[in-house]
Amino acid sequence: MSREPNMPNVLELIEAKKASRTNTAAEIADLVRAYLTDEVPDHQMADWLMAVRLNGLNETEIAALTESFVRSGRSFKWDGLGSPVVDKHSTGGVGDKTSLVVVPLAAACGLAVPKISGRGLSFTGGTVDKLEAIPAMRVELDAIEFERQVRGVGAAIVSQSADLVPADRRIYELRDATGTVDAPGLIAASIMSKKLAAGAGTLLIDVKVGSGAFIKDHESAAQFAEMLIEIGKAAGRNVRVLLTGMDQPLGYAVGHAVEVEEALRVLKGNGPPDLVELAVTIVAALIRDSGLRPAPRAARQRAERALASGAAESKFREIVAAQGGDLESFERDLPHKQMPVKRSIESDRAGYVTQIDAGAVASALRELGGARRTKNGELDRDVGLYITKKLGDVVAAGEEWGWIGARDAESAEAAKRIVLRGMSVDDSAPPSRNLILGQMVG
(Lines give C-alpha, C1' and ligand atoms only; values in the text may rest on other atoms or scores of the structure.)
Protein backbone atom coordinates (compact mmCIF):
# COMPACT_ATOMS: atom_id res chain seq x y z
CA MET A 1 0.00 0.00 0.00
CA SER A 2 1.39 3.40 -0.95
CA ARG A 3 1.66 6.13 1.63
CA GLU A 4 -0.47 9.26 1.53
CA PRO A 5 1.23 12.39 0.14
CA ASN A 6 3.34 14.03 2.87
CA MET A 7 2.94 10.97 5.06
CA PRO A 8 6.38 10.41 6.59
CA ASN A 9 8.15 7.10 6.57
CA VAL A 10 8.55 7.12 10.32
CA LEU A 11 10.74 4.03 10.43
CA GLU A 12 13.24 5.72 8.12
CA LEU A 13 13.25 8.83 10.30
CA ILE A 14 13.82 6.72 13.41
CA GLU A 15 16.62 4.76 11.79
CA ALA A 16 18.24 8.00 10.62
CA LYS A 17 18.23 9.45 14.14
CA LYS A 18 19.49 6.16 15.61
CA ALA A 19 22.43 6.48 13.23
CA SER A 20 22.91 10.18 14.13
CA ARG A 21 21.83 11.29 10.67
CA THR A 22 19.79 14.41 10.05
CA ASN A 23 16.04 14.56 9.47
CA THR A 24 15.16 17.32 7.01
CA ALA A 25 12.92 20.23 7.93
CA ALA A 26 10.21 18.87 5.63
CA GLU A 27 10.42 15.40 7.23
CA ILE A 28 10.08 16.85 10.73
CA ALA A 29 7.13 19.02 9.68
CA ASP A 30 5.37 16.01 8.16
CA LEU A 31 6.09 13.88 11.24
CA VAL A 32 4.60 16.46 13.64
CA ARG A 33 1.55 17.02 11.42
CA ALA A 34 0.92 13.28 11.04
CA TYR A 35 1.28 12.65 14.77
CA LEU A 36 -1.21 15.40 15.59
CA THR A 37 -3.74 13.84 13.19
CA ASP A 38 -3.17 10.32 14.60
CA GLU A 39 -1.59 9.02 11.39
CA VAL A 40 1.54 8.28 13.41
CA PRO A 41 0.88 6.22 16.59
CA ASP A 42 2.30 6.96 20.02
CA HIS A 43 4.75 4.08 19.95
CA GLN A 44 6.45 5.27 16.76
CA MET A 45 6.68 8.87 17.97
CA ALA A 46 8.07 7.53 21.24
CA ASP A 47 10.76 5.64 19.32
CA TRP A 48 11.70 8.81 17.43
CA LEU A 49 11.83 10.80 20.67
CA MET A 50 14.11 8.21 22.25
CA ALA A 51 16.43 8.29 19.23
CA VAL A 52 16.54 12.08 19.59
CA ARG A 53 17.16 11.72 23.33
CA LEU A 54 20.16 9.49 22.61
CA ASN A 55 21.66 11.29 19.59
CA GLY A 56 20.34 14.84 19.71
CA LEU A 57 19.08 17.33 17.13
CA ASN A 58 21.20 19.79 15.21
CA GLU A 59 20.41 23.49 14.92
CA THR A 60 18.41 23.07 11.71
CA GLU A 61 16.34 20.22 13.14
CA ILE A 62 15.56 22.17 16.33
CA ALA A 63 14.45 25.17 14.27
CA ALA A 64 12.23 22.93 12.13
CA LEU A 65 10.66 21.25 15.17
CA THR A 66 10.02 24.63 16.81
CA GLU A 67 8.38 25.99 13.67
CA SER A 68 6.23 22.85 13.33
CA PHE A 69 4.99 23.29 16.88
CA VAL A 70 4.16 26.94 16.29
CA ARG A 71 2.30 26.19 13.05
CA SER A 72 0.15 23.54 14.74
CA GLY A 73 -1.94 26.23 16.43
CA ARG A 74 -2.64 29.91 16.51
CA SER A 75 0.04 32.61 16.75
CA PHE A 76 -0.78 35.92 18.36
CA LYS A 77 -0.20 39.46 17.15
CA TRP A 78 -0.52 42.31 19.60
CA ASP A 79 -0.97 45.28 17.31
CA GLY A 80 -2.39 48.32 19.07
CA LEU A 81 -1.85 46.94 22.56
CA GLY A 82 0.10 49.98 23.72
CA SER A 83 2.41 48.05 26.08
CA PRO A 84 5.63 46.15 25.40
CA VAL A 85 4.83 42.43 25.17
CA VAL A 86 7.17 40.19 27.15
CA ASP A 87 7.34 36.59 28.31
CA LYS A 88 9.33 34.54 30.80
CA HIS A 89 10.02 30.83 31.10
CA SER A 90 11.88 28.58 33.52
CA THR A 91 13.32 25.18 32.65
CA GLY A 92 11.89 23.92 35.93
CA GLY A 93 13.26 23.45 39.40
CA VAL A 94 12.33 22.46 42.92
CA GLY A 95 10.15 25.09 44.57
CA ASP A 96 10.26 27.27 41.46
CA LYS A 97 7.10 29.34 41.72
CA THR A 98 8.79 32.42 40.21
CA SER A 99 6.29 32.85 37.35
CA LEU A 100 3.49 33.28 39.89
CA VAL A 101 5.31 36.41 41.04
CA VAL A 102 6.90 37.59 37.80
CA VAL A 103 3.74 37.68 35.65
CA PRO A 104 1.67 39.97 37.91
CA LEU A 105 4.72 42.05 38.84
CA ALA A 106 5.61 42.64 35.20
CA ALA A 107 2.00 43.50 34.35
CA ALA A 108 1.84 45.92 37.30
CA CYS A 109 4.91 47.66 35.82
CA GLY A 110 3.16 48.31 32.51
CA LEU A 111 4.23 45.26 30.51
CA ALA A 112 1.85 42.84 28.80
CA VAL A 113 2.48 39.16 29.56
CA PRO A 114 0.74 36.49 27.44
CA LYS A 115 2.07 33.38 29.16
CA ILE A 116 1.45 29.90 27.78
CA SER A 117 2.78 27.35 30.27
CA GLY A 118 3.27 23.61 30.22
CA ARG A 119 2.28 21.22 32.94
CA GLY A 120 4.78 19.52 35.19
CA LEU A 121 7.25 17.04 33.77
CA SER A 122 8.77 14.34 35.92
CA PHE A 123 9.35 15.62 39.48
CA THR A 124 8.53 19.29 39.01
CA GLY A 125 5.09 20.88 38.98
CA GLY A 126 4.26 23.29 36.17
CA THR A 127 2.95 26.80 36.73
CA VAL A 128 -0.58 25.87 35.64
CA ASP A 129 -0.54 22.81 37.92
CA LYS A 130 0.18 25.12 40.82
CA LEU A 131 -2.48 27.64 39.83
CA GLU A 132 -5.07 24.87 39.83
CA ALA A 133 -4.60 24.61 43.60
CA ILE A 134 -6.81 27.73 43.65
CA PRO A 135 -10.48 26.62 43.60
CA ALA A 136 -12.27 27.12 40.26
CA MET A 137 -9.15 28.49 38.56
CA ARG A 138 -9.41 28.12 34.78
CA VAL A 139 -6.13 27.65 32.95
CA GLU A 140 -7.51 26.31 29.69
CA LEU A 141 -8.72 29.40 27.83
CA ASP A 142 -9.38 29.38 24.12
CA ALA A 143 -7.54 31.82 21.87
CA ILE A 144 -10.28 34.45 21.98
CA GLU A 145 -10.48 34.38 25.78
CA PHE A 146 -6.70 34.47 26.04
CA GLU A 147 -6.36 37.50 23.80
CA ARG A 148 -9.24 39.32 25.47
CA GLN A 149 -7.71 38.86 28.91
CA VAL A 150 -4.22 39.99 27.89
CA ARG A 151 -5.68 43.11 26.28
CA GLY A 152 -7.99 43.82 29.21
CA VAL A 153 -6.00 42.74 32.27
CA GLY A 154 -2.45 42.92 30.94
CA ALA A 155 -1.60 39.27 31.56
CA ALA A 156 -2.89 35.71 31.40
CA ILE A 157 -1.36 32.38 32.44
CA VAL A 158 -2.81 29.49 30.48
CA SER A 159 -2.03 25.94 29.46
CA GLN A 160 -1.75 24.74 25.90
CA SER A 161 -5.03 23.88 24.23
CA ALA A 162 -6.39 22.96 20.82
CA ASP A 163 -5.67 26.57 19.82
CA LEU A 164 -2.34 27.07 21.55
CA VAL A 165 0.64 25.01 20.34
CA PRO A 166 -1.28 21.69 20.42
CA ALA A 167 1.50 19.61 18.84
CA ASP A 168 3.92 20.58 21.59
CA ARG A 169 1.33 19.82 24.25
CA ARG A 170 0.77 16.30 22.97
CA ILE A 171 4.46 15.53 22.52
CA TYR A 172 5.20 17.15 25.90
CA GLU A 173 2.95 14.55 27.56
CA LEU A 174 4.49 11.69 25.60
CA ARG A 175 8.00 12.75 26.62
CA ASP A 176 7.01 12.51 30.27
CA ALA A 177 5.69 8.99 29.76
CA THR A 178 8.71 7.74 27.81
CA GLY A 179 11.72 9.03 29.73
CA THR A 180 12.67 11.61 27.10
CA VAL A 181 12.08 14.72 29.19
CA ASP A 182 15.73 15.69 29.43
CA ALA A 183 16.60 15.91 25.71
CA PRO A 184 17.95 19.46 25.22
CA GLY A 185 16.74 19.88 21.64
CA LEU A 186 13.21 18.78 22.54
CA ILE A 187 13.17 21.09 25.55
CA ALA A 188 14.41 24.04 23.49
CA ALA A 189 11.75 23.51 20.80
CA SER A 190 9.04 23.12 23.45
CA ILE A 191 10.02 26.28 25.31
CA MET A 192 10.53 28.49 22.30
CA SER A 193 7.44 27.35 20.39
CA LYS A 194 5.21 28.52 23.24
CA LYS A 195 7.08 31.81 23.48
CA LEU A 196 6.99 32.47 19.73
CA ALA A 197 3.31 31.53 19.41
CA ALA A 198 2.42 33.86 22.28
CA GLY A 199 3.85 36.74 20.28
CA ALA A 200 6.12 38.42 22.83
CA GLY A 201 8.93 40.53 21.43
CA THR A 202 11.12 40.28 24.54
CA LEU A 203 11.86 36.94 26.20
CA LEU A 204 13.67 35.92 29.35
CA ILE A 205 14.52 32.27 29.95
CA ASP A 206 15.59 31.10 33.40
CA VAL A 207 17.81 28.04 32.91
CA LYS A 208 18.20 26.11 36.15
CA VAL A 209 21.53 24.44 36.92
CA GLY A 210 22.17 21.86 39.65
CA SER A 211 20.94 18.71 41.37
CA GLY A 212 17.29 19.77 41.16
CA ALA A 213 17.40 20.68 37.47
CA PHE A 214 17.62 18.71 34.25
CA ILE A 215 20.95 20.45 33.52
CA LYS A 216 23.54 19.64 36.18
CA ASP A 217 26.59 21.69 35.13
CA HIS A 218 27.37 25.24 34.03
CA GLU A 219 28.95 24.33 30.69
CA SER A 220 25.92 22.36 29.51
CA ALA A 221 23.64 25.17 30.68
CA ALA A 222 25.59 27.72 28.66
CA GLN A 223 25.35 25.53 25.56
CA PHE A 224 21.62 25.18 26.07
CA ALA A 225 21.29 28.94 26.50
CA GLU A 226 23.02 29.48 23.16
CA MET A 227 20.50 27.12 21.57
CA LEU A 228 17.58 29.17 22.91
CA ILE A 229 19.15 32.46 21.89
CA GLU A 230 19.75 31.26 18.33
CA ILE A 231 16.12 30.17 17.95
CA GLY A 232 14.97 33.54 19.25
CA LYS A 233 17.31 35.53 17.04
CA ALA A 234 16.14 33.64 13.96
CA ALA A 235 12.57 34.63 14.84
CA GLY A 236 13.47 38.28 15.48
CA ARG A 237 13.06 38.18 19.28
CA ASN A 238 15.14 39.76 22.02
CA VAL A 239 16.27 36.90 24.28
CA ARG A 240 18.06 37.05 27.61
CA VAL A 241 18.97 33.85 29.47
CA LEU A 242 19.71 33.75 33.18
CA LEU A 243 21.61 30.76 34.56
CA THR A 244 20.40 30.22 38.13
CA GLY A 245 21.37 27.73 40.82
CA MET A 246 19.17 24.76 41.67
CA ASP A 247 21.29 22.79 44.17
CA GLN A 248 18.78 23.73 46.87
CA PRO A 249 15.06 24.51 46.63
CA LEU A 250 14.03 28.02 45.62
CA GLY A 251 12.21 29.71 48.46
CA TYR A 252 10.97 27.51 51.28
CA ALA A 253 7.82 25.83 49.93
CA VAL A 254 7.80 22.76 47.67
CA GLY A 255 4.42 21.52 46.47
CA HIS A 256 1.49 23.17 44.75
CA ALA A 257 -0.82 24.85 47.25
CA VAL A 258 2.16 25.70 49.47
CA GLU A 259 3.97 27.34 46.55
CA VAL A 260 0.94 29.46 45.63
CA GLU A 261 0.74 30.57 49.25
CA GLU A 262 4.44 31.47 49.23
CA ALA A 263 4.08 33.43 45.99
CA LEU A 264 1.29 35.39 47.64
CA ARG A 265 3.58 36.17 50.56
CA VAL A 266 6.17 37.55 48.14
CA LEU A 267 3.52 39.74 46.51
CA LYS A 268 2.52 40.96 49.97
CA GLY A 269 6.13 41.91 50.71
CA ASN A 270 7.30 39.18 53.09
CA GLY A 271 8.55 36.29 50.98
CA PRO A 272 11.86 34.39 51.02
CA PRO A 273 14.78 36.65 50.02
CA ASP A 274 16.06 34.37 47.22
CA LEU A 275 12.66 34.20 45.51
CA VAL A 276 12.14 37.95 45.86
CA GLU A 277 15.57 38.68 44.40
CA LEU A 278 15.08 36.39 41.42
CA ALA A 279 11.62 37.74 40.60
CA VAL A 280 12.71 41.37 40.81
CA THR A 281 15.84 40.68 38.74
CA ILE A 282 13.77 39.01 36.00
CA VAL A 283 11.17 41.76 35.84
CA ALA A 284 13.82 44.49 35.84
CA ALA A 285 15.49 42.76 32.89
CA LEU A 286 12.18 42.55 31.02
CA ILE A 287 11.51 46.24 31.68
CA ARG A 288 14.98 47.13 30.42
CA ASP A 289 15.14 44.84 27.40
CA SER A 290 11.65 45.81 26.21
CA GLY A 291 12.64 49.49 26.18
CA LEU A 292 10.09 50.52 28.81
CA ARG A 293 12.91 51.76 31.06
CA PRO A 294 16.24 51.19 29.28
CA ALA A 295 18.40 52.31 32.21
CA PRO A 296 19.14 49.33 34.52
CA ARG A 297 18.70 51.31 37.74
CA ALA A 298 15.40 52.83 36.66
CA ALA A 299 14.13 49.40 35.56
CA ARG A 300 15.04 47.87 38.90
CA GLN A 301 13.41 50.70 40.85
CA ARG A 302 10.19 50.35 38.86
CA ALA A 303 9.98 46.65 39.69
CA GLU A 304 10.75 47.21 43.38
CA ARG A 305 8.12 49.96 43.67
CA ALA A 306 5.40 47.83 42.07
CA LEU A 307 6.14 45.07 44.57
CA ALA A 308 6.37 47.32 47.63
CA SER A 309 3.23 49.29 46.78
CA GLY A 310 0.96 46.25 46.56
CA ALA A 311 0.31 46.85 42.85
CA ALA A 312 1.70 43.42 41.95
CA GLU A 313 -0.51 41.67 44.51
CA SER A 314 -3.55 43.51 43.17
CA LYS A 315 -2.65 42.46 39.64
CA PHE A 316 -2.33 38.81 40.71
CA ARG A 317 -5.80 38.96 42.24
CA GLU A 318 -7.12 40.52 39.03
CA ILE A 319 -5.56 37.76 36.89
CA VAL A 320 -6.97 35.01 39.12
CA ALA A 321 -10.44 36.58 39.17
CA ALA A 322 -10.43 36.99 35.38
CA GLN A 323 -9.72 33.25 35.08
CA GLY A 324 -12.49 32.31 37.51
CA GLY A 325 -10.31 31.51 40.51
CA ASP A 326 -11.58 31.85 44.08
CA LEU A 327 -8.53 33.24 45.84
CA GLU A 328 -10.46 34.21 48.97
CA SER A 329 -11.49 30.60 49.49
CA PHE A 330 -7.91 29.44 48.95
CA GLU A 331 -6.55 31.93 51.50
CA ARG A 332 -9.27 31.12 54.02
CA ASP A 333 -8.96 27.35 53.94
CA LEU A 334 -5.31 26.76 52.91
CA PRO A 335 -5.93 23.07 52.23
CA HIS A 336 -2.36 21.97 52.85
CA LYS A 337 -2.70 23.09 56.48
CA GLN A 338 -5.52 20.60 56.89
CA MET A 339 -3.27 17.65 56.00
CA PRO A 340 -3.99 14.67 58.29
CA VAL A 341 -0.30 14.00 58.96
CA LYS A 342 2.56 16.41 59.61
CA ARG A 343 6.14 15.52 60.31
CA SER A 344 8.84 17.84 61.55
CA ILE A 345 12.32 17.68 60.01
CA GLU A 346 15.05 18.27 62.60
CA SER A 347 18.82 18.49 62.50
CA ASP A 348 20.61 15.67 64.30
CA ARG A 349 23.58 17.89 65.15
CA ALA A 350 24.71 21.49 65.43
CA GLY A 351 26.70 23.22 62.72
CA TYR A 352 26.41 24.79 59.30
CA VAL A 353 24.02 23.52 56.65
CA THR A 354 26.30 22.28 53.86
CA GLN A 355 23.82 20.40 51.66
CA ILE A 356 20.08 20.59 50.90
CA ASP A 357 19.85 18.36 47.85
CA ALA A 358 17.06 19.75 45.68
CA GLY A 359 16.81 16.44 43.85
CA ALA A 360 16.13 14.62 47.13
CA VAL A 361 13.45 17.15 48.06
CA ALA A 362 11.82 16.59 44.66
CA SER A 363 11.87 12.83 45.23
CA ALA A 364 10.21 13.37 48.61
CA LEU A 365 7.41 15.37 47.00
CA ARG A 366 6.91 12.57 44.50
CA GLU A 367 6.70 10.07 47.38
CA LEU A 368 3.91 12.18 48.89
CA GLY A 369 1.94 12.11 45.63
CA GLY A 370 2.70 15.70 44.70
CA ALA A 371 4.15 14.84 41.28
CA ARG A 372 2.77 12.77 38.42
CA ARG A 373 4.06 9.21 38.13
CA THR A 374 2.43 8.57 34.75
CA LYS A 375 1.33 10.55 31.69
CA ASN A 376 -2.24 10.98 32.94
CA GLY A 377 -1.52 10.36 36.59
CA GLU A 378 -3.18 11.97 39.57
CA LEU A 379 -1.53 14.93 41.25
CA ASP A 380 -2.15 15.86 44.89
CA ARG A 381 -1.84 19.63 45.06
CA ASP A 382 -2.29 19.86 48.82
CA VAL A 383 0.67 17.79 50.04
CA GLY A 384 4.01 19.52 50.34
CA LEU A 385 7.16 20.37 52.25
CA TYR A 386 8.75 23.43 53.82
CA ILE A 387 12.53 23.59 53.99
CA THR A 388 13.22 26.71 56.04
CA LYS A 389 17.01 26.57 56.11
CA LYS A 390 19.44 27.57 53.37
CA LEU A 391 22.99 26.56 52.59
CA GLY A 392 25.33 28.21 55.10
CA ASP A 393 22.69 28.69 57.80
CA VAL A 394 23.57 27.68 61.36
CA VAL A 395 21.41 25.03 63.05
CA ALA A 396 21.31 23.68 66.58
CA ALA A 397 21.01 20.00 67.43
CA GLY A 398 17.33 19.05 67.35
CA GLU A 399 16.31 22.32 65.68
CA GLU A 400 13.46 22.11 63.20
CA TRP A 401 14.49 23.06 59.69
CA GLY A 402 11.34 22.10 57.91
CA TRP A 403 8.15 20.05 57.91
CA ILE A 404 6.17 17.68 55.70
CA GLY A 405 2.40 17.70 55.11
CA ALA A 406 1.09 14.30 53.98
CA ARG A 407 -2.06 12.21 53.57
CA ASP A 408 -0.80 9.32 55.68
CA ALA A 409 1.98 8.39 58.08
CA GLU A 410 3.63 5.94 55.68
CA SER A 411 4.23 8.48 52.92
CA ALA A 412 5.24 11.14 55.46
CA GLU A 413 7.91 8.92 56.98
CA ALA A 414 9.18 7.81 53.58
CA ALA A 415 9.42 11.41 52.41
CA LYS A 416 11.21 12.42 55.60
CA ARG A 417 13.84 9.72 55.13
CA ILE A 418 14.45 10.87 51.56
CA VAL A 419 14.84 14.51 52.60
CA LEU A 420 17.22 13.70 55.44
CA ARG A 421 19.44 11.65 53.13
CA GLY A 422 19.91 14.77 51.04
CA MET A 423 20.80 17.10 53.93
CA SER A 424 24.15 17.58 55.62
CA VAL A 425 25.44 19.63 58.55
CA ASP A 426 29.16 20.22 59.16
CA ASP A 427 31.44 22.17 61.50
CA SER A 428 32.68 24.44 58.70
CA ALA A 429 30.60 26.81 56.63
CA PRO A 430 30.29 25.89 52.93
CA PRO A 431 31.55 28.24 50.21
CA SER A 432 29.04 30.97 49.42
CA ARG A 433 26.95 30.36 46.30
CA ASN A 434 25.29 32.92 44.09
CA LEU A 435 21.69 32.39 43.03
CA ILE A 436 22.34 33.94 39.63
CA LEU A 437 25.31 32.17 38.08
CA GLY A 438 25.49 34.17 34.89
CA GLN A 439 23.50 35.56 31.99
CA MET A 440 23.64 35.61 28.22
CA VAL A 441 21.97 37.98 25.78
CA GLY A 442 21.15 37.50 22.10
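Structure first, text after, so check above.
Calculation criteria
- Residues numbered from 1 in each chain as written.
- Predicted model: local features only at pLDDT ≥ 70, side-chain atom pairs only at ≥ 80, totals over all residues.
- Heavy atoms only, no water.
- Axes fitted to C-alpha atoms, helices over the stretch in contact; angles between N-to-C directions.
- Helix = DSSP H or I, 4+ residues; strand = E, 2+ residues; numbered from the N terminus.
- Parallel < 35°, antiparallel > 145°, perpendicular 65-115°, else oblique.
- Left-handed = near helix turned anticlockwise from the far one by under 90°.
- Contact = heavy atoms within 4.5 Å.
- Salt bridge = Lys/Arg side-chain N within 4 Å of Asp/Glu carboxyl O.
- Buried < 20%, exposed > 50% of the residue type's maximum accessible area, 1.4 Å probe, protein only.
- Phe/Tyr/Trp six-rings, centres within 6.5 Å; stacked < 30°, edge-to-face > 60°.
- Lys NZ or Arg CZ within 6 Å of the ring centre and 35° of its normal.
- Pairing = 2+ DSSP bridges.
- Core = buried A, V, L, I, M, F, W, Y, C linked by side-chain atoms within 4.5 Å.

Draft legend 1. Fine view of the packing of helix α1 (residues 10-18) against helix α3 (residues 42-55). Two elements in contact, α1 and α3, have axes whose closest approach is 8 Å; the angle formed by their N-to-C orientations is 15°. Regarding the angle of α1 to α3, the classification is roughly parallel. Here the hand of the crossing between α1 and α3 comes out left-handed. Packed against α1, whose contacting residues are V10, L13, I14, K17 and K18, the element α3 presents Q44, D47, W48, A51, V52 and N55 at the interface.

Draft legend 2. A look at the pattern of salt bridges. By the definition in use, this model includes 37 salt bridges. K390 is the partner of D274 in a salt bridge, and the nearest nitrogen-oxygen pair spans 2.9 Å. Taken together, the residues span a long stretch of sequence, with D274 in helix α12 (residues 273-289) and K390 in the loop between β9 (384-387) and β10 (394-395) at a distance of 116 residues. The same class applies to D274 as to K390, namely buried. If you follow the salt bridges from partner to partner, you end up with K97, E261, E262 and R265 in one network.

Draft legend 3. Just the packing of aromatic side chains, in detail. Inspection of the entire model under this criterion finds 5 aromatic pairs. Their ring planes at 10° and their centres at 5.7 Å tell us that F76 and W78 sit as a pair that is stacked. Residue classification places W78 among the buried residues on the basis of a relative accessible area of 8%. Taken together, the ring pairs connect F76, W78 and F146 into an aromatic cluster. One residue, R170, lies across the ring of Y35, its end atom 4.3 Å from the ring centre. Between the NZ or CZ atom of K342 and the centre of the ring of W403, over which it lies, the distance is 4.2 Å.

Draft legend 4. Focus on the environment of I404. One can find I404 in strand β11 (residues 400-406). Measuring from C-alpha to C-alpha, the distance between I404 and S344 comes to 6.4 Å, with 60 residues separating the pair along the chain. For I404, the contacting residues outside a window of four places in its chain are V341, K342, R343, I345, L368, G384, L385, A412, A415 and K416.

Draft legend 5. Seen up close, the sheet that holds strand β6 (residues 253-255). Here we have 4 strands laid out as an open sheet, ordered β6-β9-β11-β7, and antiparallel in their pairing. Across the chains shown, the open sheet's two edge strands, defined by having one partner strand only, are β6 and β7 (341-346). Along the sheet, successive strands turn relative to each other by an average axial angle of 15°, direction set aside. Two elements, β7 and β11, share 6 bridges in a ladder whose sense is antiparallel. Bridging across to β11, E346 finds its partner in E400.

Draft legend 6. View of the sheet that holds strand β5 (residues 238-245). With mixed pairing, 4 strands are arranged side by side in an open sheet as β1-β4-β5-β13. On the outer flanks of this sheet lie β1 (86-90) and β13 (436-441), each paired with one strand and no other. Taking the axes of each pair of neighbouring strands and ignoring which way they run, one obtains an average angle of 15° across the sheet. Pairing geometry for β5 and β13, over 5 bridges, is antiparallel.

Draft legend 7. Broad picture of the nonpolar core. L105, L131, I134, V283, F316, F330 and L385 are the most contacted members of the largest nonpolar core, which has 80 residues in total. Ranked by residue count, the leading element in this core is α12, at 10 residues. The residues contacting V283, other than those within four sequence positions of it, are V102, L105, A106, C109 and A303.

Draft legend 8. Examining unusual backbone geometry more closely. With a phi angle near 65°, D38 is a residue other than glycine that sits in the positive phi range. Among the structural elements, D38 can be located in the loop between α2 (25-36) and α3. You can call D38 exposed: its relative accessible area is 55%. Its identity is not glycine, yet V165 carries a phi of approximately 45°, on the positive side. Take V165: it is sitting in the loop between β3 (155-159) and α8 (166-178).

Draft legend 9. Representation of the environment of G125. Among the structural elements, G125 can be located in the loop between β2 (113-117) and α6 (127-131). Distance from G125 to A362, taken between C-alpha atoms, is 9.8 Å for residues 237 residues apart in sequence.

Any link to function would need more than the numbers given here.
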